[in-house]
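Spelled out from the first residue to the last, the chains are:
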Amino acid sequence: EWYQRRVRAMRDSTACSVLIHNIIKHTSQKPFNKSKGQIQQVEFHPNKPFFFVLSQRYVRIYNLVKQAMVRKLICSVKWASCMAIHPKGDNLIVGSYDKTLVWFDMDLSVKPYKSLAQHKKAIRSVCFHPKYPLYASCSDDSSTIITHGMVYNDLVKNPLVVPVKVLRGHKDNAKYGVLSNIFHPTQPWIYTGGADGDIWLFV
C-alpha cells in the first residue's frame, strides 16, 4: 500500500512482519518488533499518519508519528481476510473467510456497526470507490457484490448500506473464485480478477 506516493508498506513472505519503505530516502524499516498474529493486510489512512494492520481477528491502528498503537478494532469474525478504508478515513470494511463482511464506523465503536452475510463462500477482496458512494466485495462463490455505502458529513447520521448489484462472469476454478477487485479511479467501473485466469471489466 502507498501513502502520499512516498512510502510503501508490505508484508514479508511469512505474513508475520511488516516492512515500511521510504521511496524518497531509499530506506526501509520494521515498525514492530513482534507481530500479533498472522498479518492479512496493511493499509495507510488516506489523510492522516495512521497505519492499519489486519490480523485474524483484529484491526490495529498505529500512529506513525508517535509510533504507538492508538486503537484496536474487534472484527467479530472467525478469520478476517481483507479490508478497505473509506476515502474520508472514518469508516472501514473487513471481509472474512467465514463469508461475512463487517462495517466499522470508527467514530462510534471498536465493534462493527453492521454485519452482512451476502456471499456463500469466503470473501477474498473488498474495496471502496474513490469518488462514488460504492464499495465492492468478491468471493470464492465467483460473484462480486456492489453495495451503496453512503457516509454522511453529519456525524449524527449512521452510514447507509444498501446492496445494489451482483456481478457474475468468472468460472469456478476448484475451490477458488474471484480473488481481487478494484474500482476505476474516476468512472463507475470495476475490474475483477479470478482464479480462472481472467480479468473482467464491468461498466
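Note that this is a predicted model, so its numbers are computed, not measured.

Student: Would you explain the sheet that holds strand E16 (residues 160-168) in this entry?
Tutor: Strands in a sheet are paired, the pairing made by backbone hydrogen bonds, and the direction either parallel or antiparallel. Spatially, the four strands line up as an open sheet ordered E13-E14-E15-E16, and their pairing is antiparallel. Of all the strands in the sheet, the pair left with one neighbour each is strand E13 (123-128) and E16. For this sheet, the mean angle separating the axes of adjacent strands, direction not counted, is 20°. Relative to E16, strand E15 (residues 143-150) runs antiparallel, the two sharing eight bridges. Each bridged residue has a counterpart across the sheet, and for methionine 150 the counterpart in E16 is leucine 160.

Student: What should I look at first to understand the sheet that holds strand E6 (residues 50-54) in this one?
Tutor: Pairing is antiparallel in the open sheet, where four strands are placed in the order E5-E6-E7-E8. Edge positions in the sheet fall to strand E5 (41-44) and strand E8 (68-74), since each has one partner strand and no second. Strand-to-strand twist of the sheet, defined as the mean angle between neighbouring strand axes without regard to direction, takes the value 20°. Bridge count for E5 against E6 is four bridges, and the pairing is antiparallel. Counterpart to glutamate 43 in the pairing with E6 is phenylalanine 52.

Student: What is the right way to look at the pairing of strand E18 (residues 190-194) in this model?
Tutor: Two faces, one strand: in a regular strand the side chains alternate between the faces of the sheet. The element E18 is extensively covered by neighbouring structure, given that four of its five residues are classed as buried. Note: strand E17 (residues 178-183) against E18, five bridges, orientation antiparallel. Residue asparagine 181 lies in a different strand from E18, and its bridge partner there is threonine 192. Between the antiparallel neighbours E17 and E18 lie six residues. Sheet topology note: the E18/strand E19 (residues 199-202) ladder contains four bridges and is antiparallel. Of the residues in E19, the one forming a bridge with glycine 193 is isoleucine 199. What sits between the antiparallel neighbours E18 and E19 is a turn of four residues, in which glycine 197 has the positive phi angle 90°.

Student: What's the story with the packing of aromatic side chains in this structure? I'm lost.
Tutor: By convention here, two paired aromatic rings are described through the distance between centres and the angle between planes. Here the structure, examined in full by the defined rule, presents five aromatic pairs. Look at tryptophan 200 and phenylalanine 202: their rings are 5.7 Å apart centre to centre, the planes differ by 15°, and that puts the pair in the stacked class. Classification of tryptophan 200 by relative accessible area gives partly exposed; the value is 32%. Relative accessible area serves as the criterion here: at 16%, phenylalanine 202 is assigned to the buried category.

Student: Explain unusual backbone geometry to me, please; I cannot follow it from the model alone.
Tutor: Only a minority of non-glycine residues have a phi that is not negative, and only a minority of peptide bonds are not trans. Phi at histidine 26 takes a positive value of approximately 55°, unusual for a residue other than glycine. Turning to its location among the elements, histidine 26 is positioned in the loop between strand E3 (18-22) and strand E4 (27-29). A positive phi is found at lysine 99, a non-glycine position, where the angle reads about 75°. Position of lysine 99 relative to the elements: it lies in the loop between strand E10 (91-96) and strand E11 (101-105). Of the residues examined, lysine 99 reaches a relative accessible area of 37% and is grouped as partly exposed.

Student: How should the nonpolar core be read in this particular structure?
Tutor: A general trend in soluble globular proteins is that nonpolar side chains are found buried together. Counting 15 residues, the largest nonpolar core has Val59, Leu92 and Val94 as its most contacted members. Of all the elements in the fold, those that place two or more residues in this core are E6, strand E7 (58-63), strand E9 (80-85), E10 and E11. Ranked by residues supplied to this core, first place goes to E9 with three residues. In contact with valine 59, other than residues within four places in its own chain, are Phe52, Val53, Leu54, Arg71, Lys72, Leu73, Cys75, Met83, Leu92 and Val94. Ranked by size, the runner-up nonpolar core spans twelve residues in total, among them Cys82, Ile123, Tyr135 and Val151.

The rules we used
- Residues numbered from 1 in each chain as written.
- Predicted model: local features only at pLDDT ≥ 70, side-chain atom pairs only at ≥ 80, totals over all residues.
- Heavy atoms only, no water.
- Pairing = 2+ DSSP bridges.
- Helix = DSSP H or I, 4+ residues; strand = E, 2+ residues; numbered from the N terminus.
- Axes fitted to C-alpha atoms, helices over the stretch in contact; angles between N-to-C directions.
- Buried < 20%, exposed > 50% of the residue type's maximum accessible area, 1.4 Å probe, protein only.
- Phe/Tyr/Trp six-rings, centres within 6.5 Å; stacked < 30°, edge-to-face > 60°.
- Core = buried A, V, L, I, M, F, W, Y, C linked by side-chain atoms within 4.5 Å.
- Contact = heavy atoms within 4.5 Å.

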